[in-house]
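Structure at a glance
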Amino acid sequence: MASRRSEIGLGDLVQTLVKLPTGDQAELDRMARCLRFEAGALAVATPDYRPTLRPRPSPEPLPSPATNPAMPSAPEPPIPLPDEILRIDIAKLPGTWDAESIPILPPEIACRAPLELDAPRPPPVPRWPLFPPRTARGLLGAAVMRPAADGDPDLARLIQAIILKRPVRILPRLPRPSARSGCQLLLDFSDALAPWWEDLRALIGQFHALLGEAACPVYEFTGDPRDALHWTEAAGEEAWRAVPNQPLVLVTDFGLIRIPGGEPRPSLAIWCRFAEHCRRKGVPVVAITPLRRERCPHALGQAMALVHWNPTTRAADIKRLIDRQGRYPA
Amino acid sequence: MSNALTTFRLPAPPDCVWPGDEATGVPPYLVSDEVATALKVALATGRPLLISGPPGSGKTTLAKATAHAQGWGYLKHTLTSRSRLEDLTAEIDQLQRLHDAQVTAAGGATELMPEWAYLKPGLLWWGFDAHSAPLKGRELAEIESLKSFRPPSRPKTLREAGAGVVILLDEIDKAEPDLPNDLLEPLDQRAFSLPDGTEIQAPKTLALLVIITTNGERDLPPAFLRRCLHLELRRPEEEELQRIAHFHFRDRRSPEHAAVFAAVAKQFDEVEAETKGAGRRPPGTSEYLDAVRACLELGITPDSDTWRQVEQATLRKQPRADRGI
């Protein structure tokens, strides 16, 4: 079989223009949009068009304007400026300081550059998500996919049934990863995680892009995760409840980051109770945390898959945490 | 210019409508300039055409209407979270094979056939090569030597002598996130391999139009998007809606009916603005047509007392915030 075709590019554009010749600019714009080029990328005629691939022929000597009526007429001479220069009066405005009477600023202020209110602001620094777009899809998919028994036939079980002369009424199939059960997102929006709030919002977008909004409700909490709430226009506030077999993605620091004067953080006991609650309900938990795995409480590492929220994390790391049978840390 | 393009028929102006066929359930389709260009570019480049747009905007109907207007075959598969590439290409019916093996061992009349005889051709096989699909990629003589061979049933919408095929993969956003990437190779190459390595290749002379629809519920993989042409069907304006109703209800061409079309279109616009403002899903063209049909069948207009119930059932479908219903 031949190799896969490349992405849509100039070749497709040229092919389209050759097969569908048109002189209509609106039609060209529609073609460009369809090929995911910007409208206006194609122009009916560009007067300043010059071929760039072929060498340009050496210019022939231009005919004189008298012999070439198509030549434009000579530009008009510039308008002469007046000889007299306008008078300029410089006067001191009332209420301004004299040079001698300006108070002396303290040295720590005087050494600073004056504040330029009208100076153009530098462009905002682009935020690079903690899970880069290139890897996020596979990574988040690995976190929420669960084994579904609709893969290839399970020959081992089939052969076993035949040997034991058991009737095979349903073809046994091997599990394959599936995202059909969606997931619940439980996000810690406490003050201690304020530096990650933007990243949390970006993470919501990444999950919704992968699973769709309907399959991925978002719950927020600041203290006990069991008090997490989801808000919708139709239903208002809705308290979180565990859904058996639906993966739960938790984003938190487990109350380990403390800020002076900040709100009280949930203790390890609360987190252990939460993990136990999820285990009893049959909810597989994947915890995404800005802390390294080593810094997280050992007890929690045994109850849920702990994923370091970091650009170096890979889908394979998550797959190692959640083994192929979909077993989460017990 | 390729053969498919020279024979491809677009509806004549000023109506620009494919009339459809009530008997076969093909509704009329108003072909906008954007749609016409996208179809032509898809045929010129041989790329799949990914159609997005709000529900009820005519994404699925476009494929059916195109196939009908061109006299081509039409194959549709609605993707779900359970869809796999093998469902679309070919899959061995292992359960039937096991059954035959057990019956043969028990001395029954059925014989155990070679593995290839248990292949179930999927939609892409029928679309790419409708001749080899019933023969499961083998020669007729080989088939005739098998007494238990059961030929697969041919899709009813696949025409015998059609010069082309429209393949519709509906609602790809419902499929598993990896499925679009699995589809890249068969759609790019117009070919796929069977489990035994046999390659099924669409003939170069076959006009093949692959249409894929998405409701945009989730993003598709970037590599997939970069290999598809894109057409976004926008919501029609008030006048366009009336034109659509005009062609859908051709047998009811009277000033009274035209007034109903216009009045419902006006109500449709109001509901659309209201739902958009409330962040809810606005109604689509199909819902407008439902509302018109209800009015015509029940003999009411948007001025009637019962209109509110019709509007609620056909256009709003969600409780009104002001009335709490």
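So, how was this worked out
- Residues numbered from 1 in each chain as written.
- Chains lettered and ligands numbered in written order.
- Predicted model: local features only at pLDDT ≥ 70, side-chain atom pairs only at ≥ 80, totals over all residues.
- Helix = DSSP H or I, 4+ residues; strand = E, 2+ residues; numbered from the N terminus.
- Buried ≥ 20, exposed ≤ 12 C-beta atoms within 10 Å, placed from the backbone.
- Contact = placed C-beta atoms within 7 Å.
- Core = buried A, V, L, I, M, F, W, Y, C linked by C-beta atoms within 7 Å.
- Nonpolar A, V, L, I, M, F, W, Y, C, P; charged D, E, K, R; others polar.
- Expected span 1.5 Å × (residues − 1).
- Axes fitted to C-alpha atoms, helices over the stretch in contact; angles between N-to-C directions.
- Parallel < 35°, antiparallel > 145°, perpendicular 65-115°, else oblique.
- Left-handed = near helix turned anticlockwise from the far one by under 90°.
- Pairing = 2+ DSSP bridges.

All right, on to the overall build of chain B then. Of regular secondary structure, chain B possesses 13 helices and 11 strands. In chain B, which comprises 325 residues, the proportion classed as buried is 39%. Counted over contacts in chain B with a minimum sequence separation of 6, partners at least 24 positions apart contribute 75%.

Another point: the nonpolar core. Counting residues in each nonpolar core, the largest one holds 85 residues, and the members touching the most others are L49, V166, I211 and L229 of chain B. With 7 residues, helix α2 (residues 33-45) of chain B is the single largest residue contributor to this core. Leave out the neighbours within four places in its chain, and L49 of chain B touches A38, A42, V210, I211, C228, L229 and L231 of chain B. Counting 47 residues, the second largest nonpolar core, distinct from the first, contains L210, L300, A305 and V307 of chain A.

As a further point, take the environment of T61 of chain B. Residues and elements named next belong to chain B. By secondary structure assignment, the location of T61 is in helix α3 (residues 59-70). Expressed as a C-alpha distance, the spacing of T61 and P27, which sit 34 residues apart in the sequence, is 7.6 Å. Setting aside anything within four residues of it in sequence, one finds T61 in contact with P27 and Y29.

Across the boundary between the two partners, chain B contributes 37 residues, which contact 32 residues of chain A. Those elements giving two or more residues to the side of chain B that touches chain A turn out to be α2, α5 (94-105), α8 (179-189), β8 (191-193) and β11 (229-232) of chain B. Broken down by element, the side of chain B that touches chain A gets its largest block of residues, 8 residues, from α2 of chain B. Here the residues of the side of chain B that touches chain A are counted per class, giving 13 nonpolar, 9 polar and 15 charged.

Take α3 of chain B next. Residues and elements named next belong to chain B. In a regular helix each residue adds 1.5 Å, so 12 residues correspond to 16 Å; α3 covers 17 Å between its end C-alpha atoms and thus fits that length. Here α3 lies mainly inside the structure; 10 of its 12 residues are buried. What α3 keeps buried is the set K59, L62, A63, K64, A65, T66, A67, H68, A69 and Q70. Note on α3: the residue one or two positions beyond its end, G71, has a positive phi of about 75°.

With that settled, the discussion passes to the packing of helix α10 (residues 238-248) of chain B against helix α11 (residues 255-277) of chain B. All names here are of chain B. It is the contact of α10 with α11, at a shortest axis distance of 9 Å, that shows an interaxial angle of 135°. The pairing of α10 with α11 is recorded here as oblique in orientation. For the pair α10 and α11, the crossing hand works out as right-handed. Residues E238, L241, Q242, A245 and H246 of α10 lie in contact with α11, whose contacting residues are F261, A262, A265, K266, F268 and D269. For the contact of α10 with α11, the residue count by class is 6 nonpolar, 2 polar and 3 charged.

Right, let's get into the sheet that holds β11 of chain B. Residues and elements named next belong to chain B. Read from one edge of the open sheet, 5 strands run β4-β7-β10-β3-β11, paired in parallel fashion. A strand with exactly one partner marks an edge of an open sheet, and here the two such strands are β4 (73-78) and β11. Strand-to-strand twist across the sheet, computed as the mean angle between neighbouring axes with direction ignored, equals 20°. Where strand β7 (residues 164-170) lies against strand β10 (residues 207-214), 6 bridges are found, and the strand directions are parallel. Opposite G164, over in β10, you have A207 as the bridge partner.

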